[in-house]
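Close look at the chain arrangement
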Amino acid sequence: MSSRIDPNGRTGTLGTFAGVFVPSILTILGIILFLRLGYVVGNGGLWQTLMIIGIATAVSVLTSISLAAIATNIDVKGGGDYYMISRTLGVEFGGAIGLVLFLAQAVSIAFYAIGFGEAVANITGLGTDVGARLIATAAILVLFGLAWAGADIASKFQFVVMVVLVLALGSFYLGAIPGFEGSQASDNLSSFTGGAGFWVIFAIFFPAVTGFTQGVSLSGDLKDPGKSLPLGTFLAVAVSTVVYITIAILLAGNSPARTLIDDSSAMGSVAAWSPLIDAGVIAATLSSAMASFLGAPRILQSLATDRVFPRLGYFAKGHGPSSNPRRGVLLALLIAAITIALGDLNLIAPIVSMFFLISYGLLNYATFYEARAASPSFRPRFRFFDKRLSLLGALLCLATMMAINPVAGGAAAVVMFLIYRYLSTRDHQTRWADSARAHYFQRVREAIGALREEPDHPRSWRPQILAFSADQVRRRRLLRFATWFEGGSGLTGTVQIIVGSGAQKRREVEEAQAQLTAQIRSVGVAVHGRTILAPDAREAMPVIVQSFGFGPVRTNTVLFGWPEQPSPDRVAGFVQGVRDVARLGVNTVILSSGDEAWAALEGVAPSDRRIDVWIEPEGDSSRLALLAAYLFTRTSDWRRATIRAIGEPPADDEEAAVRSLQDRVDSARIPATVKVVPVVDTASILRESEGAAMVFLPMRLRLDGYMGPYESELDRLVGGLPMTASVLAAQSFDLNAAPESGAPAVLAAAEEQVARADQRLAALQRDLTDAEKRVAEHTRWAEATLTEEAMSARDQAAARVAELRRRVLSATARLERARSELAVVEGTGTADGPPA
């Protein structure tokens, strides 16, 4: 027999019929069919019963469609639902559903075994609770032996059960079809007076269909999961639906509602030979228990193999070529035995049903999630898949949970959430690729598209920083500074330029990229790093600045480290680089962070830190520096720091200067104290800010270099101050921009101008039409009377028409100009704007 070998060395030997259809159909056609379907028909009537079967089938079909999509898109290994969900939604969701599904199926073994025990006890006359438990215990020991032997042996046992089930159904049909009465069926169409409500009956029936994914749990034992899982599951759902519908109709046409409600053995009363129905009950319970005995250990083994829960590693080992999970089988036996010993399952049963429903809902959502991400790798061979069906299936599962038992559904969801949170907080290595990256990429794609459609505004400005550094120590400090500058609201990228060309340099770039990525990870900052090969760093930098980013998300601030070598040639080259960046309309920040300055900063407690910002009377650089200081205080390292704005009075009135500076700071909504220094020069700046933890200085460029605030000597300042950032703004900044200002205001004004011009033109055209009518009237009057008065009136009307035509032409030109200006404004919607 041919078999499939997965990467773990396991071999799959089961086909569609034995591996998927048989375990699924035997679980669906279980104890609900034989002992509870009559109760459902008697209480709800035939119409409601068919509706209940329809809703339950809808859940099954929609989930089967999702299952078919995933099964034909990836090579499904062992673990069934757990494997498919974890490889789509990630280890957190997969681990949570895998653990609860294992426990649910292990407990289900006891449910079905107790059902078997009660059926045998009633048939043999040992109808006691103790007797039923002893029989159930004996049954799970026999089933344990089959599961211990492996799926191949167990599947042969299920063939025997399948034969018994077919005979039982045949016996029922042979007795029910001849006894069907249309009048009886008509009486049973509506619900029974005083009977149970719709959702109560639905809750009783729904567990019947929770077995349609039993075959999925044996995915690791299948020869061709991609073919067998969808085909076998759809066949099981289709056949079981036909069986439930026909038996419901036949029961309605054979027995009164009261009999169906009171007699749980109504099928046996209708069947041609009732002992076969008893045999069917026994076969159904045993087969369902067997399916759970096979499925639960394989889910546990897959969890253990993936090392989702460290303490479960013991259960990863399998036995034989099929890697039969014997250790998991033993644990499932222990859980089932404890559950049987507890006896009262009414409290646990609803929560177990909810776990199955959650797994179906997550399977549907996982498929929708995968399709919604629009990854090119999502190429299911199943042709009838639509992501909307998967979303509908997930919502239907959620609605079913709330309708059946909101308390149990909430309890199951809480358990799932706690496990999910535990796995989310654990530091585990990713062992496979799920759909998260594709999902995030799609969200970024959609967000960039939406951002491009929004007009720029000063209030929407965010720091999008590009840091240049070739030195690892200086880069580490630059990256820390950049994350402080972001204030949790921007993005930072860093670029390292490798100068040269050729194969050896390309290998050097790869090595440098790996080192850069490792350094970013070690610093623990959210920075995106690139190493670029270029023949000349000076020529490459402006190109990199212009091209770094995507769409409206692009660099608006470049971060440099202050030159360590103050040689004239190096300074001149550095200044020219800053000048090139400024000409591109990009802000520049230059950080001076020598060893002593950095050590001094780290030695100051966060609560004792002070940020000094030197403010010039006018200039965007001062406004950007003030905004940067505020953004610093939005980070954990600087949250308790104080900001001090320092300036020089424009006149001798120091008190008025303080009020003016305070008003500027307050209007910008930045919490800062102010200080006015009578004369600001290099010495006073050094004196005032020597105790600060961080100093922001607005800077300006000049032909021969640069200068600090109030024409101070910037070289001396950065050499004598604590850690210092020199700020050169190349954009306009308005820290008190109103929502109506900026590009939206310009757009609104342009639209209003077009509207006014259009209204003016329409009014002139109406006046012109009226004037032309008057010309015609006066012309006819003049021709008829030939009087001087009539001809004068005609000439005046003609002159009025000529004037209006001139004004119409002028208004038309103004309207065209207004429309052109509006088009220009609309075309600038993606330009960077200043902050608020």
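Residues numbered from 1 in each chain as written. Predicted model: local features only at pLDDT ≥ 70, side-chain atom pairs only at ≥ 80, totals over all residues. Heavy atoms only, no water.

A few words now on the packing of aromatic side chains. Taken as a whole and judged by the stated rule, the model has 30 aromatic pairs. Ring centres of phenylalanine 172 and tyrosine 173 lie 5.9 Å apart, and the angle between their planes is 65°; this geometry places the pair in the edge-to-face category. Taking the relative accessible area as the measure of exposure, tyrosine 173 reaches 24% and is therefore partly exposed. On the basis of an interplanar angle of 40° and a centroid distance of 6.3 Å, the ring pair of tyrosine 365 and phenylalanine 368 is categorised as tilted. One end of the pair, tyrosine 365, and the other, phenylalanine 368, are both in helix α15 (residues 348-372), three residues apart, so they sit about a helical turn from each other. Accessibility expressed as a relative area gives 16% for phenylalanine 368, which makes it buried. Ring pairs connect the aromatic residues Phe481, Trp484, Phe485, Trp598, Phe632, Trp638 and Phe696, which therefore count as one cluster. (Phe/Tyr/Trp six-rings, centres within 6.5 Å; stacked < 30°, edge-to-face > 60°. Buried < 20%, exposed > 50% of the residue type's maximum accessible area, 1.4 Å probe, protein only. Helix = DSSP H or I, 4+ residues; strand = E, 2+ residues; numbered from the N terminus.)

Averaged over all residues, the pLDDT of the chain equals 85, while 93% of them reach at least 70. Confidence over residues 1-10 falls short of pLDDT 50; this stretch has 31 contacts with residues more than four positions distant or in other chains. Within the model, pLDDT remains below 50 along residues 828-836, and this stretch shows 38 contacts once partners closer than five positions in the same chain are excluded. (pLDDT = per-residue confidence, 0-100. Contact = heavy atoms within 4.5 Å.)

This part is about the sheet that holds strand β8 (residues 557-561). Taken in spatial order, the ten strands of this open sheet run β5-β4-β3-β8-β9-β16-β13-β10-β11-β12, and their pairing is mixed. The sheet is open, and its two borders are formed by β5 (528-534) and β12 (673-676), each paired with just one other strand. Each strand axis lies, on average, 25° off the axis of its neighbour in the sheet, ignoring direction. Strand direction decides the pairing type here: strand β10 (residues 610-614) and strand β13 (residues 694-698), joined by three bridges, are parallel. Looking at the pairing, aspartate 612 lines up with valine 695 of β13. (Pairing = 2+ DSSP bridges. Axes fitted to C-alpha atoms, helices over the stretch in contact; angles between N-to-C directions.)

To continue, consider the nonpolar core. Residues Leu33, Phe34, Phe172, Phe205, Tyr244 and Ile247 are the most contacted members of the largest nonpolar core, which totals 105 residues. Apart from the residues within four sequence positions on either side, tyrosine 244 is in contact with Ile28, Leu29, Gly30, Ile32, Leu33, Leu37, Ile53, Phe205 and Ala208. Judged by nonpolar contacts, the second largest core, of 46 residues, contains Leu478, Leu601, Leu661 and Phe733. (Core = buried A, V, L, I, M, F, W, Y, C linked by side-chain atoms within 4.5 Å.)

Quick look at the pattern of salt bridges now. What the rule picks out here adds up to 22 salt bridges. Two residues, aspartate 637 and arginine 480, come together in a salt bridge whose shortest N-O distance is 3.4 Å. Taken together, the residues aspartate 637 in the loop between α24 (620-632) and β11 (642-647) and arginine 480 in helix α19 (residues 472-486) connect sequence positions 157 residues apart. (Salt bridge = Lys/Arg side-chain N within 4 Å of Asp/Glu carboxyl O.)

Attention now moves to helix α23 (residues 595-602). Every buried residue of α23 is accounted for by Ala597, Trp598 and Leu601. Burial along α23 is one-sided: seen end-on, the buried residues are contained in an arc of 95°. Exposed and oriented more than 90 degrees from the buried face of α23 are Asp595 and Glu596. Looking at the buried side of α23, the elements it contacts are α19. (Arc of directions from axis to C-beta.)

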